[in-house]
Amino acid sequence: MNMPRDSFEDVTDDALLVAYANGDPVAAQALTQRLTPKVFGHAYRLLGNRADAEDITQEALIRLWKFAPEWRQGEAKVSTWLYKVVANLCTDRLRRGHSVDLDSVPDPEDTALSAAEQMQQRARLDGLQQGLNALPERQRQAVVLRHIEGLSNPEIAEIMGAGVEAIESLTARGKRTLAKILAERKDELGYTDG
């Protein structure tokens, strides 16, 4: 039995995955639309490369669909499982090396911001990504999951296979290092005192 399209807002990720496993393609579409931005954002923050992040997003979702029939509802959150898969895929990709960087293609112009504001915003985002890229891999992963994805330390611990105290330490060290890196570039990025 297929779920009506307009009823997905209150349906959990678990329930949508189970519905897909039971033959409801509309549930898969709804879950894909819900999870893709999160998965892509996480992969992009870990890799710093749009093309690689798109590949990782696709691979992670394929793994989710293949795993759906075995999913045991209530044992873990779908998003936590998926973040862990993305983290592992990103780690593998980083060890193999990057693909061609397609980010050199200019973004479409945003009419809401002036050209100078767009350049400054892009420089700040690029600066943040460069700062994240300078962090050791596990610190970067912890910082991204905590401060960009907004996950709790216990969720991050589960994803990264570490204790909560280790996650707190990784996050704190990564955040301090990132702050130092960005502070050295504050003038360049348009952050001035006063």
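Okay, so let's go over this structure. Just so it is clear, the model here is predicted, and its values are computed rather than measured. (Residues numbered from 1 in each chain as written. Predicted model: local features only at pLDDT ≥ 70, side-chain atom pairs only at ≥ 80, totals over all residues. Heavy atoms only, no water.)

## Details of the packing of aromatic side chains
The following threshold applies: To pair, rings of Phe, Tyr and Trp, with the six-membered ring standing in for Trp, must have centres within 6.5 Å; the planes then decide the type, stacked if under 30 degrees apart, edge-to-face if over 60, and tilted in the middle. What counts as a helix is a DSSP run of H or I of at least four residues, what counts as a strand is a run of E of at least two, and both are numbered from the N terminus. Under the scheme applied here, a residue whose accessible area is under 20% of the maximum for its type counts as buried, over 50% as exposed, and between as partly exposed, the area being computed with a 1.4 Å probe on protein chains only.
Under the counting rule described, the total for this entry stands at five aromatic pairs. Arranged with centres 6.2 Å apart and planes meeting at 85°, the rings of Trp71 and Trp81 form a pair that is edge-to-face. Linking Trp71 in the loop between helix H3 (50–67) and helix H4 (78–96) with Trp81 in helix H4, this pair joins segments that are 10 residues apart in sequence. Taking relative accessible area as the criterion, Trp71 reaches 10% and is therefore assigned buried. Residue classification places Trp81 among the partly exposed residues on the basis of a relative accessible area of 22%.

## Section: the side chain of Arg93
This is how it is decided: We call two residues in contact whenever any of their non-hydrogen atoms come within 4.5 Å of each other.
Within the fold, Arg93 resides in helix H4. Every residue in contact with Arg93, bar those within four places of it in the chain, is listed here: Leu47, Asp52, Asp55 and Ile56.

## Let's talk about the pattern of salt bridges
Rules: Criterion for a salt bridge: a side-chain nitrogen of Lys or Arg within 4 Å of a carboxyl oxygen of Asp or Glu.
In this structure the tally under the stated criterion is six salt bridges. When the shortest N-O distance is used, the salt bridge between Arg63 and Glu59 registers 2.9 Å. Pair noted here: Arg63 and Glu59 are both in helix H3, with a separation of four residues, about one helical turn. With relative accessibility at 30%, the residue Glu59 sits in the partly exposed group. Salt bridges linked by common partners bring Asp52, Asp55 and Arg93 together as one network.

In short, the description is geometric, and any link to function would need to be established separately.
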